[in-house]
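Geometric and topological summary
For reference, the chains in residue letters:
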Amino acid sequence: MSTEPAAPLEPPVETPRTLAEAYALLAGAASDAPLRPLAGATDLLVQLTGRTAPPPARYLDLWRLAELRGIAVDRSARDALGRSDLVLGALTTYAEIRRSPLCREFAPALVEAAATVGAAQIQNRGTFGGNLANASPAGDTLPVALAMDAVVEVGGPRGERTIPAAGFWPDYRRSGLAADEIILRVRLPIVPGRETRFRKVGTRRAQAISKVALALSWTDSPDATGVGPRVWRDVRVALASVAPTPMRAPATERILEGSRPTPETADRASVALATEIEPIDDVRSSAAYRRAVAGRVLHRLIREAGGW
Ligand SMILES: Cc1cc2nc3c(=O)[nH]c(=O)nc-3n(C[C@H](O)[C@H](O)[C@H](O)COP(=O)(O)OP(=O)(O)OC[C@H]3O[C@@H](n4cnc5c(N)ncnc54)[C@H](O)[C@@H]3O)c2cc1C
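**Digging into the pairing of strand β10 (residues 212-221)**
In terms of residue burial, β10 counts as a mostly covered element, since 9 of its 10 residues are buried. Bridge count for strand β9 (residues 194-201) against β10 is 8 bridges, and the pairing is antiparallel. If you follow Phe198 over to β10, its bridge partner there is Ala215. Bridge count between β10 and strand β11 (residues 231-240): 8 bridges; the pairing is antiparallel. Residue pairing in the sheet places Ala215 in a bridge with Ala238 of β11.

Right under this line is the structure:
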């Protein structure tokens, strides 16, 4: 049997110049041969051999769509509580996230996650939208999107809609996108007083897929009496690589909700987390290692927040 790598397959590529053109192409695609969106191609290039899945009939290259670019604060989204959104076009690359003063100010955990993806080549070409759409349970930005209550704006010939990150990955390697929909942009609510932290554990600092990635967010709030010490509210513990989909850890969140980042709370939360996740043994790590490390990572982030 030949050990030669399979020759790359090159299905035809459609290159719309506007979103309207893209929608028209999506509308014209046969339902049994949908157009496959193509952004930075860092995931798709690996799939070009056709070994992991049959190649699509045609690609839809999104790269020229200006409507899918840019990073901005949308103050029109401001609600009664004074909130606005950080909005990132789907084609925003990791390098752009790392360079963006707005991301550094309003989404430092996303900047941290972007800095851990691949290495410089991948960061210059791979996109935030591609990471979300690819729906890998090991995608590094996915826990940050969950912890920040991201909302994904998607569109297609049948109209545009929003999908909360919490419902965006219904199953293993599946996203909530229909075959004729693309991600347009991602909204990250800017919540006054909210802190979000991210930590990834991989084999090495670059070019390593996560063994465990964890994002933790909270808002420092007055306690119920209004006179006691401030406590954590709206706690989110979100993880990648420890379950078939990216996940929140509600039992662990309940332990942290209304508490202070003390050593006792950190101990209880990290024990709870190790039992709440459902990791597998695979080529990158063992389930036992992932359970232990997820708990340690959470403990470390709580310790850093508590300053002890
Ligand atoms: C060497 C290497 C290292 C890597 N390291 C990491 C890592 O450390 N962490 C990590 O999380 N990932 C890593 N990846 C995976 C990959 O780089 C990311 O998932 C990246 O964000 C994918 O974005 P892309 O623009 O290249 O997507 P593409 O490859 O173009 O597309 C990926 C998938 O998303 C779909 N898609 C893309 N954009 C859209 C859109 N706007 N709307 C709808 N569907 C869309 C495509 O159809 C395809 O199914 C690595 C990949 C390589 C090759």
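Picking up where we left off.
**Some remarks on the packing of helix α10 (residues 263-276) against helix α11 (residues 287-306)**
When two helices pack together, their arrangement is given by the angle between the helix axes and by the axis-to-axis distance. Contact geometry for α10 and α11: axes closest at 8 Å, N-to-C directions at 155 degrees. As far as their axial angle goes, α11 and α10 are roughly antiparallel. At the point where α10 passes α11, the crossing takes the right-handed sense. For the pair formed by α10 and α11, the contact residues are Pro263, Ala266, Asp267, Ala269, Ser270, Leu273, Ala274 and Thr275 on the first element and Arg291, Ala294, Gly295, Leu298, His299 and Ile302 on the second. When the residues that make up the contact of α10 with α11 are grouped by side-chain class, the tally is 8 nonpolar, 4 polar and 2 charged.

**Quick look at the sheet that holds strand β5 (residues 84-89)**
Ordered by their spatial adjacency, 5 strands build an open sheet running β4-β5-β8-β6-β7, and the pairing between neighbours is antiparallel. For this open sheet the edge positions go to β4 (71-74) and β7 (159-164), each flanked by a neighbour on one side alone. Strand-to-strand, the axes of this sheet are offset by a mean angle of 25 degrees, without reference to chain direction. Relative to β5, β4 is paired through 4 bridges, and the arrangement is antiparallel. Bridge assignment links Asp74 to a residue of β5, and that residue is Asp85. In the packing of helix α1 (residues 19-28) onto the sheet, contacts are made with β6 (151-156), β7 and β8 (182-190), and the angle to β8 comes to roughly 125 degrees.

**Structural notes on α10**
In a regular helix each residue adds 1.5 Å, so 14 residues correspond to 20 Å; α10 covers 20 Å between its end C-alpha atoms and thus fits that length. Taken as a whole, α10 has its buried residues at Thr265, Ala266, Ala269, Ser270, Ala272, Leu273, Ala274 and Glu276.

**Considerations on the pattern of salt bridges**
The final tally for this structure, using the stated rule, is 15 salt bridges. A salt bridge links Glu14 to Arg58; the shortest N-O distance between them is 2.8 Å. Separated by 44 residues along the polypeptide, Glu14 in strand β1 (residues 13-14) and Arg58 in strand β3 (residues 58-61) bring together distant segments of the chain. The partner of Glu153 in a salt bridge is Arg187, and the shortest N-O contact between them spans 2.5 Å. Linking Glu153 in strand β6 with Arg187 in strand β8, this pair joins segments that are 34 residues apart in sequence. What emerges from the salt-bridge pattern is a single network uniting Asp74, Asp85, Glu153, Arg185 and Arg187.

**Digging into the site of the ligand**
If you check the shell around the ligand, you find 32 residues, and the closest are Pro37, Thr42, Asp43, Tyr94 and Thr127. A distance of 2.7 Å separates a nitrogen atom of the ligand from a polar atom in the side chain of Asp140. Secondary-structure elements contributing two or more residues to the shell around the ligand are β2 (35-38), α2 (42-47), α7 (128-134) and β8. Among the residues making up the shell around the ligand, the classes are represented as 17 nonpolar, 11 polar and 4 charged.

**What about the side chain of Ser136?**
Tracing the chain through its elements places Ser136 in the loop between α7 and α8 (141-147). Here Ser136 falls in the buried class, since its relative accessible area comes to 13%. A distance of 2.9 Å separates the side chain of Ser136 from the backbone nitrogen of Ala138, its partner in a polar contact. With sequence-adjacent residues up to four places away left out, Ser136 is seen in contact with Leu142 and Arg173.

**Things to note about unusual backbone geometry**
One non-glycine residue with positive phi stands out, namely Arg173, at about 55 degrees. The topology assignment puts Arg173 in the loop between β7 and β8. Positive phi values are uncommon outside glycine, yet Asp234 reaches one of about 50 degrees. Here Asp234 is to be found in strand β11.

**Describing empty space enclosed by the protein**
By the definition in use, this model includes 1 cavity of 30 Å³ or more. By volume, the largest cavity is sized at about 60 Å³. Around the largest cavity sit Arg36, Gln47, Thr52, Ala53, Pro54, Pro55, Pro56 and Tyr59, which together line it. Looking at the lining of the largest cavity residue by residue, the classes come out as 5 nonpolar, 2 polar and 1 charged.

**Regarding the nonpolar core**
Note that soluble globular proteins tend to have their nonpolar side chains buried in a common cluster. Core analysis: the largest hydrophobic core is formed by 53 residues, its most contacted members being Leu68, Leu132, Trp169 and Leu188. Setting aside anything within four residues of it in sequence, one finds Leu132 in contact with Thr141, Leu142, Ala145, Val152, Phe168, Trp169, Ile183 and Val186. Core analysis: the second largest hydrophobic core is formed by 26 residues, Val201, Met247, Ala266 and Val297 among them.

Criteria and cut-off values
Residues numbered from 1 in each chain as written. Predicted model: local features only at pLDDT ≥ 70, side-chain atom pairs only at ≥ 80, totals over all residues. Heavy atoms only, no water. Buried < 20%, exposed > 50% of the residue type's maximum accessible area, 1.4 Å probe, protein only. Helix = DSSP H or I, 4+ residues; strand = E, 2+ residues; numbered from the N terminus. Pairing = 2+ DSSP bridges. Axes fitted to C-alpha atoms, helices over the stretch in contact; angles between N-to-C directions. Parallel < 35°, antiparallel > 145°, perpendicular 65-115°, else oblique. Left-handed = near helix turned anticlockwise from the far one by under 90°. Contact = heavy atoms within 4.5 Å. Nonpolar A, V, L, I, M, F, W, Y, C, P; charged D, E, K, R; others polar. Expected span 1.5 Å × (residues − 1). Salt bridge = Lys/Arg side-chain N within 4 Å of Asp/Glu carboxyl O. Near = heavy atom within 4 Å. Polar contact = N/O pair within 3.5 Å; in protein donor to acceptor, adjacent residues only side chain to side chain. 1 Å grid on protein atoms, 1.4 Å probe; cavity = no way out; pocket = protein on both sides within 12 Å on 5 of 7 lines; lining within 4 Å. Points joined across faces, edges and corners; volume = space filled by probe spheres on them. Core = buried A, V, L, I, M, F, W, Y, C linked by side-chain atoms within 4.5 Å.

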